[in-house]
Amino acid sequence: MELVFRPRRLRRHATLRKMVRETVLRREDFIYPMFVAPGQGVRQPVDAMPGVCRLSVDQLLKEAREIRDLGLSAVLLFGLPLTKDDTGSEAASPKGTVQRAVRRLKKEVPELLVITDVCLCAYTSHGHCGLIHQGEVDNDASLEALAQVALSHAEAGADMVAPSDMMDGRVGAIRETLDERGFEMVPIMSYAVKYASSFYGPFREAAESAPAFGDRRAYQMDPANAREALREAALDVEEGADILMVKPAMPYLDIITQLAGEFDLPLAAYQVSGEYSMIKAAAQLGWLDETAVMLESLTAIKRAGADLILTYFAKQAAALLK
Ligand code: PB1
């Protein structure tokens, strides 16, 4: 039978396949999340996330130079406090780990863009992302606290702030505070569509941020919902978000595609700790080829529509894409 079109014609040679490849990963696509710990000389591996460490500022700077030399453009900082309390007060302290790290990074590794996570969960004794009032997370009381955290990051020199708390109205509250205090040019990367996912376990070990009671389902989204993602994203656009994020990534490729088609803001996707640790564990057991699966998963996230990918694989991927 005479076949008119043979798709295999363009798959015959590696060069041809490369010429017609539709999705190409670049080092500039990646943002590398890092954990900043108090103290000096701290380089504490996170058991559930092989290759990821809690780093004191001095050690973070060493790794930041390595990240820059790999051709990566940006890092996202998560802070670990010296002490936790009910209001997460250290989160907004000018002497906090993140604030100190930002000042040092901007001075000593200026080529790197420094994005800071804005949330209370790693700083509060109860481990929730907002303030607790009568046993539940008080949305509006949390907005002011979160805005002060974002302000303290901007004052330290952060290039961008990324609120991951999922309180209603937090993008607007942060935007208003930053603008009032002269930081109208600091963009907000909003964790606009963030699910109450079970893929965050390893992160909660790393950041010691698991909720002491209950869970996050009263503020993070139900994994079963897709249409609701459009509403959440639209609200953040109206409140002034500069970049939208979907989180987690691989279990939510449909949501990434949906948002990419609906909104014209840059779209980020966060390949979370559980997605990373899954691949690491299977590779350690010899069941999967880590490099191949890492690149395939990152390609899938970009193919789905993400412009930016937050991933703990950033260093490994950048080294391969050199
Ligand atoms: O890699 C990850 O799992 C990221 C987890 C993420 C960080 N923004 C949140 C996970 C959680 O809900 O515990 C932290 C929420 N502020």
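The present account deals with the structure reproduced in this document.

The rules behind the values
Residues numbered from 1 in each chain as written. Predicted model: local features only at pLDDT ≥ 70, side-chain atom pairs only at ≥ 80, totals over all residues. Heavy atoms only, no water. Salt bridge = Lys/Arg side-chain N within 4 Å of Asp/Glu carboxyl O. Helix = DSSP H or I, 4+ residues; strand = E, 2+ residues; numbered from the N terminus. Buried < 20%, exposed > 50% of the residue type's maximum accessible area, 1.4 Å probe, protein only. Phe/Tyr/Trp six-rings, centres within 6.5 Å; stacked < 30°, edge-to-face > 60°. Axes fitted to C-alpha atoms, helices over the stretch in contact; angles between N-to-C directions. Parallel < 35°, antiparallel > 145°, perpendicular 65-115°, else oblique. Left-handed = near helix turned anticlockwise from the far one by under 90°. Contact = heavy atoms within 4.5 Å. Nonpolar A, V, L, I, M, F, W, Y, C, P; charged D, E, K, R; others polar. Near = heavy atom within 4 Å. Polar contact = N/O pair within 3.5 Å; in protein donor to acceptor, adjacent residues only side chain to side chain.

### Topic: the pattern of salt bridges
Taken as a whole and judged by the stated rule, the model has 17 salt bridges. A salt bridge links Glu63 to Arg43, with the nearest nitrogen and oxygen atoms 3.2 Å apart. Taken together, the residues span a long stretch of sequence, with Glu63 in helix H2 (residues 57-69) and Arg43 in strand S2 (residues 43-45) at a distance of 20 residues. Glu63 sits in the buried class, given a relative accessible area of 6%. Judged by relative accessible area, Arg43 falls into the partly exposed class, the value being 43%. Linking Asp69 and Arg68 is a salt bridge whose minimum nitrogen-to-oxygen distance equals 3.0 Å. Relative accessible area serves as the criterion here: at 48%, Asp69 is assigned to the partly exposed category. Judged by its relative accessible area of 23%, Arg68 falls in the partly exposed class. Through salt bridges with shared partners, one network takes in Arg43, Glu63, Glu66 and Lys315.

### Points about the packing of aromatic side chains
For the structure shown, the criterion picks out 9 aromatic pairs. Measuring from centroid to centroid gives 4.8 Å for Phe78 and Phe203, while their planes differ by 75 degrees, and the two rings are edge-to-face. Of this pair, Phe78 sits in strand S4 (residues 74-79) while Phe203 sits in helix H6 (residues 201-206), and the two are 125 residues apart along the sequence. For Phe203, a relative accessible area of 15% translates into the label buried. Taking 4.2 Å as the distance between ring centres and 15 degrees as the angle between the ring planes, the aromatic pair formed by Tyr195 and Tyr252 counts as stacked. Separated by 57 residues along the polypeptide, Tyr195 in the loop between strand S9 (189-194) and H6 and Tyr252 in the loop between strand S10 (243-247) and helix H8 (253-262) bring together distant segments of the chain. The exposure classification of Tyr195 matches that of Tyr252, with both residues buried. The structure contains a cluster of three or more aromatic residues connected by ring pairs, namely Phe35, Phe78, Tyr191, Phe203, Tyr270, Tyr276, Tyr312 and Phe313.

### Looking at the packing of H2 against helix H3 (residues 97-108)
The N-to-C vectors of H2 and H3 enclose an angle of 40 degrees; their axes lie 10 Å apart at closest approach. It follows from the interaxial angle that H2 and H3 lie oblique. The handedness of the crossing between H2 and H3 is right-handed. Contact residues: H2 offers Val57, Leu60, Leu61, Ala64 and Arg65, while H3 offers Thr97, Arg100, Ala101, Arg104, Leu105 and Glu108. Split into classes, the residues belonging to the contact of H2 with H3 amount to 6 nonpolar, 1 polar and 4 charged.

### Brief notes about the site of the ligand
The local shell around the ligand holds 18 residues, among which Arg204, Arg216, Lys247, Ser273 and Tyr312 are the closest. Arg204 is positioned with one of its side-chain polar atoms (N or O) 2.5 Å from an oxygen atom of the ligand. One nitrogen or oxygen atom from the side chain of Gln220 is found 2.8 Å from an oxygen atom belonging to the ligand. Put simply, the parts of the chain that give the shell around the ligand at least two residues each are S9 and H6. Across the shell around the ligand, the residue classes break down as 10 nonpolar, 3 polar and 5 charged.

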